[in-house]
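# Report on the structure
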Amino acid sequence: NGGERVTLSRPGDQEWQKARYYIRVDSVEYEDQAPWPVEPDGTGKVLHRIDPPAYGNDAANWQAANPSPGQ
């Protein structure tokens, strides 16, 4: 019921006898108050990214929408 950070990572190389490291692909720190869409906060709506290649941490790149499978 508040903001959160979501980070997508992919596995990087694993050096000999060392732990695998991960490469951050994208990271979003969203909020449940303006300028982020406020409708997803308890109304059944979800956040949908408008333009996937655009900067994900920009509230203007997100909109409230009905949930749908695969999105």
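For the structure, see preceding data.
Quick look at the structure, then. (Residues numbered from 1 in each chain as written. Predicted model: local features only at pLDDT ≥ 70, side-chain atom pairs only at ≥ 80, totals over all residues. Heavy atoms only, no water.)

A few words on the overall build of the protein. The number of helices and strands found in the protein is 0 helices and 4 strands. When its helices and strands are written in sequence order, the protein yields β-β-β-β. For 71 residues, the compact-globule estimate of 2.2 N^0.38 gives 11 Å, and the C-alpha radius of gyration of the protein, at 16 Å, exceeds that figure by more than 25%. Going through the 71 residues of the protein one by one, you find that 15% of them count as buried. (Helix = DSSP H or I, 4+ residues; strand = E, 2+ residues; numbered from the N terminus. Rg over C-alpha atoms; globule rule 2.2 N^0.38 Å. Buried < 20%, exposed > 50% of the residue type's maximum accessible area, 1.4 Å probe, protein only.)

A separate point is the pattern of salt bridges. Under the definition given, this model contains 3 salt bridges. A salt bridge links E29 to R5, with the shortest nitrogen-to-oxygen separation between them at 2.6 Å. Of the two residues, E29 is situated in strand β2 (residues 22–30) and R5 in strand β1 (residues 4–11); the sequence distance between them amounts to 24 residues. Note that E15 is salt-bridged to K18, the shortest N-O span being 3.7 Å. (Salt bridge = Lys/Arg side-chain N within 4 Å of Asp/Glu carboxyl O.)

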